[in-house]
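# Commentary on secondary and tertiary structure
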Amino acid sequence: MSRFVPNSKYVKYRDGTWIECRKRIYLYWFKFLRHAEQSSDHKVQWNKYRAWSGKNAVMNMKFDDWWEDHWKDCFGIDEETGRSKFYLDKNPKADGIRYALLCYENRDCKSNWDIAIAISKQESRGRGIYNMLIDAREDLNTRGNMKWGFERKRVRNESSPTGYSIEYVDNTNQEYDDKIYWNQQKKRKIQSVIGRYKRQADLHLENVSKGLF
């Protein structure tokens, strides 16, 4: 097992104690844990979270209040062992975790594209995935994309394990438009990014249910 070495600008030192990474990583852990408890697809092993004061504290306290009571005992680096009780032993990417959390919190949207639009409306930051989403909202003629070009259609297929298959219907009439083509490619890329973050969210939910992150 590796020991903690404070060699990043994101680690913090307070009251004579180091913590492994920035506070907001633990905020996302806290939020995913709440979501896992509320999800019918996951069963949280609350015995893993005794040091967090258990289910009642996590589900009812504001994070900042909970943090003040628990940060040192749960995440403070012990000088002798070089580790904390909830040691990550990795370099979590805060933005990636945050995007996954936002995708999960907008999961009731009908499609990945709808999730992307919902997130871009919520956010004012113009970086990373949001920069791409904002550009797409400005550039994409979604009505044209739906009626022009290659339409993705779900059709019945008795030989398929699911009973359905996907077909692409050519609505171009052999007429092509570069702008609409690139609009379609951008939209597909965004949908793919959202799909990846949804899968990451599922993994976070599974991990926090077991006392990990």
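Keep in mind the model is a prediction, meaning the values are calculated, not measured.

### A short note on the overall build of the chain
Along the chain, the regular secondary structure elements total eight helices and four strands. Scanning the chain from its N terminus toward the C terminus, one meets helices and strands in the order β-β-α-α-α-α-α-α-α-β-β-α. Taken over 213 residues, the chain has a buried fraction of 41%. Long-range pairs, those at least 24 residues apart, make up 62% of the contacts in the chain with a sequence separation of at least 6. Accessible surface for the chain amounts to roughly 13400 Å². Of this, 45% is attributable to carbon and sulfur atoms.

### Focus on the packing of aromatic side chains
The full count for this structure, using the stated rule, is 22 aromatic pairs. For the pair tryptophan 29 and phenylalanine 75, a centre-to-centre distance of 6.1 Å together with 55° between the ring planes defines the contact as tilted. With tryptophan 29 in helix H1 (residues 23-38) and phenylalanine 75 in helix H3 (residues 63-75), this pair connects stretches of sequence that are 46 residues apart. Across the pair, exposure class does not vary: tryptophan 29 and phenylalanine 75 are buried alike.

### Concerning helix H4 (residues 94-105)
Taking 1.5 Å of rise per residue, 12 residues should cover 16 Å, and H4 covers 16 Å from first to last C-alpha, within 8% of that figure. Judged by how many residues are buried, H4 sits mostly within the fold: 10 of 12 residues are covered. Residues Ala94, Gly96, Ile97, Arg98, Tyr99, Ala100, Leu101, Leu102, Cys103 and Tyr104 constitute the buried set of H4.

### Comments concerning the pattern of salt bridges
One side chain can pair with another of opposite charge once the charged atoms of both are near each other. By the definition in use, this model includes six salt bridges. With its nearest N and O atoms 3.0 Å apart, the salt bridge here joins glutamate 37 to lysine 55. Highlighted residues: glutamate 37 in helix H1 and lysine 55 in helix H2 (residues 54-60), separated in sequence by 18 residues. The exposure class of glutamate 37 is partly exposed, given its relative accessible area of 24%. Of the residues examined, lysine 55 reaches a relative accessible area of 42% and is grouped as partly exposed.

Procedures and definitions
Residues numbered from 1 in each chain as written. Predicted model: local features only at pLDDT ≥ 70, side-chain atom pairs only at ≥ 80, totals over all residues. Heavy atoms only, no water. Helix = DSSP H or I, 4+ residues; strand = E, 2+ residues; numbered from the N terminus. Buried < 20%, exposed > 50% of the residue type's maximum accessible area, 1.4 Å probe, protein only. Contact = heavy atoms within 4.5 Å. Areas by Shrake-Rupley, 256 points an atom, 1.4 Å probe, with all protein chains shown as cover. Phe/Tyr/Trp six-rings, centres within 6.5 Å; stacked < 30°, edge-to-face > 60°. Expected span 1.5 Å × (residues − 1). Salt bridge = Lys/Arg side-chain N within 4 Å of Asp/Glu carboxyl O.

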